[in-house]
Amino acid sequence: MTTRKNAGATTSPRRRCDGRASGRRDHLVKLAAETFATLEAHRAAVTVMRNDRGYPRSLPGGRFDHLDKAGTEIERMWIEQIERGQRAGCFRSDVNPAPTYRLIRDGIPGTVRWFRPGGRIDTADLTEHHITVLFDGPTTGTRTTRRA
């Protein structure tokens with residue numbers, strides 16, 4: 001008879017993660033969805049940050065210091081989720097969380113150049129596509145993602 005305590009030892013890491021706190025992966029999906037939502041709500045700000053990130057920093061008086069603080073906090077949240085996922089066995093332990101976060105992050109603001117609110121694709125579809133490519137890659141095979 002298998003006890004509940006050791007039942008997880010015979011299941012795959014993906015299956016264990018999907019049932020654990022909604023899966024660490026789901027946390028990243030939600031963070032990505034929130035980030036993509038900013039493209040619609042704050043398109044001009046995202047464009048400025050994407051194209052001229054250094055300019056606000058160069059202005060006197062520290063008027064835009066909050067942007068660096070917010071960026072640091074956002075990075076901390078993402079890295080923390082990746083690390084938690086690694087500890088839980090949901091994410092690969094052989095990848096560095098900081099560059100992983102940056103690779104995920106940098107793919108999002110670049111879409112501001114071509115994404116059009118009200119166009120053929122909405123932010124939910126954009127998030128789904130980004131997550132699918134991120135977790136499953138563009139290669140053929142079994143799809144492991146599901147709609148957030």
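For clarity, every value in this text was computed on a predicted model and none was experimentally measured. (Residues numbered from 1 in each chain as written. Predicted model: local features only at pLDDT ≥ 70, side-chain atom pairs only at ≥ 80, totals over all residues. Heavy atoms only, no water.)

Now for helix H7 (residues 97-106). Buried within H7 are the following residues: Pro 97, Ala 98, Tyr 101 and Ile 104. Take H7 and look down its axis: the buried residues cluster within an arc of 130°, on one side only. Residues of H7 that are buried make contact with helix H6 (65-88) and helix H8 (123-136). Where H7 begins, one side-chain oxygen reaches toward the backbone nitrogen of Ala 98, 3.0 Å away; that side chain belongs to Asn 96. (Buried < 20%, exposed > 50% of the residue type's maximum accessible area, 1.4 Å probe, protein only. Helix = DSSP H or I, 4+ residues; strand = E, 2+ residues; numbered from the N terminus. Arc of directions from axis to C-beta. Contact = heavy atoms within 4.5 Å. Polar contact = N/O pair within 3.5 Å; in protein donor to acceptor, adjacent residues only side chain to side chain.)

Let's shift gears to the confidence of the model for the chain. Looking at the chain as a whole, the pLDDT averages 75, with 78% of positions reaching at least 70. At the level of individual helices and strands, the chain shows its lowest average pLDDT in helix H1 (residues 4-7), which scores 36, and its highest in H7, which scores 89. (pLDDT = per-residue confidence, 0-100.)

Within the largest apolar cluster, 19 residues are counted, with the highest numbers of intra-cluster contacts made by Leu 28, Ala 32, Phe 36, Leu 39, Trp 78, Tyr 101 and Leu 126. Elements with a contribution of two residues or more to this core: helix H3 (24-41), H6, H7 and H8. Dropping the residues within four chain positions of it, Trp 78 is found in contact with Leu 28, Leu 31, Ala 32, Thr 35, Tyr 101 and Ile 104. (Core = buried A, V, L, I, M, F, W, Y, C linked by side-chain atoms within 4.5 Å.)

With that settled, the discussion passes to the pattern of salt bridges. One pass over the structure, following the stated rule, counts 6 salt bridges. Close ionic contact of Glu 80 with Arg 84 constitutes a salt bridge, the shortest N to O distance being 3.1 Å. With Glu 80 and Arg 84 both in helix H6, this residue pair falls 4 residues apart, about one helical turn. Ionic pairing is found between Arg 105 and Asp 106, a salt bridge with its closest N-O pair at 2.7 Å. Judged by its relative accessible area of 41%, Asp 106 falls in the partly exposed class. When salt bridges that share partners are traced, they join Glu 73, Arg 76, Glu 80 and Arg 84 into one network. (Salt bridge = Lys/Arg side-chain N within 4 Å of Asp/Glu carboxyl O.)

Let's shift gears to the packing of aromatic side chains. The full count for this structure, using the stated rule, is 2 aromatic pairs. Consider the rings of Trp 78 and Tyr 101, whose centres lie 5.8 Å apart with planes at 45°: the pair is tilted. Taken together, the residues span a long stretch of sequence, with Trp 78 in helix H6 and Tyr 101 in helix H7 at a distance of 23 residues. A relative accessible area of 4% means that Trp 78 is categorised as buried. Between Phe 91 and Phe 135 the ring centres are 6.3 Å apart and the planes differ by 10°, which places this aromatic pair in the stacked class. Within this pair, whereas Phe 91 is found in the loop between H6 and H7, its partner Phe 135 is found in helix H8, the two being separated by 44 residues in sequence. On the basis of relative accessibility, which here comes to 13%, the residue Phe 91 falls in the buried class. On the accessibility criterion, Phe 135 (23% relative accessible area) is partly exposed. (Phe/Tyr/Trp six-rings, centres within 6.5 Å; stacked < 30°, edge-to-face > 60°.)

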